[in-house]
Amino acid sequence: VPQVHTTDFPGNYPGYDDAWDQRRFEEGFRVDVIREEEDTLEFDMVGIDAAIANAFRRILLAEVPTMAVEKVFVYNNTSIVQDEILAHRLGLIPIRADPRLFEYRNQGDEEGTEIDTLQFQLKIKCSRNPQAAKESSDPDELYINHKVYSKHMTWVPLGNQTDLFPDAAFRPVHDDILIALLRPGQEIDVLMHCVKGIGKDHAKFSPVATASYRLLPDITLLQPIEGEAAELLQKCFSPGVIEIQNVKGKKVARVANARLDTFSREVFRHEGLKNLVSLTRVRNHYIFSVESTGILPPDVLVSEAIKILMGKCQRFLNELDSVPME
């Protein structure tokens, strides 16, 4: 049965003799941001265990809350898209609304209030374009509003939301998400309720398109590799991993950036190279890649995930303190 010891340094555990783990904790934990864009964040977590890394990834996928369409009230739908399919498509449209501004809706509450619900309306009807050329066959010229996009969804404030969120512009993240195709006479008139939820309940609440991690590659050349062998070695790896330097008139291979390696193991197909290269991974260095759906910036998602993980740890410690020790 595993025992829990509350010490400041893991090396103080009774019977602790894992030299690698001790060295890992001595080096300390750190986070290095490598690349940050509008909806993408790449960063390194160094000095953690695989269980913590995976817990962090799963929290990003399934436990960071967002706002999404939960209920669709269909007043009129004469399109070829069935009501259920239409509601499902609307639910998967990411909504730009900060979930931290709202509360979770109480179970069984059908109406919703200004503190737990966002209301959107989609009302559109297709008609013929009287100015279209008679010989035209292009639907974009023949019809008006024949393509229903997410930009046609409009926010309808509930209660005093106009006063609560004076500067808010709640809307879909992307305006060009195609919802349905219409023909003259067909129309869609629906009212949507967006609520706060987590990906564990439904994938539509997941705030990330992808959240993944991998171990940092470690490539070691066991002996100098020169000439044609150096050029062949360079072709075995992804661009940028191996570079060739000119040393005293000779082409010499060196590891330029092991981070770019994809571990294809192509080098082991060549008899003259497979014993000259060592491919390993740094056991406590995780490269995380987080791509947001646009609801919240990726750095905010990472921060929220860390808070959730800290809350889980605190609840676990509180449970331990509440259990009587024999």
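Residues numbered from 1 in each chain as written. Predicted model: local features only at pLDDT ≥ 70, side-chain atom pairs only at ≥ 80, totals over all residues. Heavy atoms only, no water.

Peer 1: Would you explain the pattern of salt bridges in this entry?
Peer 2: Per the counting criterion, the structure on display carries 16 salt bridges. Taking the shortest distance from any N to any O, the salt bridge between Lys200 and Glu63 comes out at 3.8 Å. In this pair, Lys200 is assigned in the loop between strand E12 (187-197) and strand E13 (208-221) and Glu63 in the loop between helix H2 (50-62) and strand E3 (66-77), connecting sequence segments 137 residues apart. With its nearest N and O atoms 4.0 Å apart, the salt bridge here joins Lys250 to Glu226. Taken together, the residues span a long stretch of sequence, with Lys250 in strand E15 (residues 250-255) and Glu226 in the loop between E13 and helix H6 (228-236) at a distance of 24 residues. A relative accessible area of 37% means that Glu226 is categorised as partly exposed. Each of Arg35, Glu37, Glu42, Asp44 and Arg259 takes part in salt bridges that share partners, so that together they form one network. (Salt bridge = Lys/Arg side-chain N within 4 Å of Asp/Glu carboxyl O. Helix = DSSP H or I, 4+ residues; strand = E, 2+ residues; numbered from the N terminus. Buried < 20%, exposed > 50% of the residue type's maximum accessible area, 1.4 Å probe, protein only.)

Peer 1: In this structure, what is going on with the confidence of the model for the protein chain? I would like to understand it.
Peer 2: Predicted coordinates in areas of low pLDDT are best not read in detail. Scored by pLDDT, the protein chain has a mean of 88; 91% of the residues are at 70 or more. Confidence drops under a pLDDT of 50 for residues 1-17, and excluding neighbours within four residues, the segment shows 14 contacts in the predicted structure. (pLDDT = per-residue confidence, 0-100. Contact = heavy atoms within 4.5 Å.)

Peer 1: Explanation requested: the UniProt feature "domain: DNA-directed RNA polymerase RpoA/D/Rpb3-type" (unreviewed entry) in the protein chain in the structure shown.
Peer 2: Per the UniProt record, the feature "domain: DNA-directed RNA polymerase RpoA/D/Rpb3-type" (unreviewed entry) sits at residues 40-319. For the annotated span residues 40-319, helix accounts for 22% and strand for 35% of the residues, and the straight-line distance between the end C-alpha atoms is 36 Å. (UniProt positions renumbered as here; feature names shortened; annotations may be inferred.)

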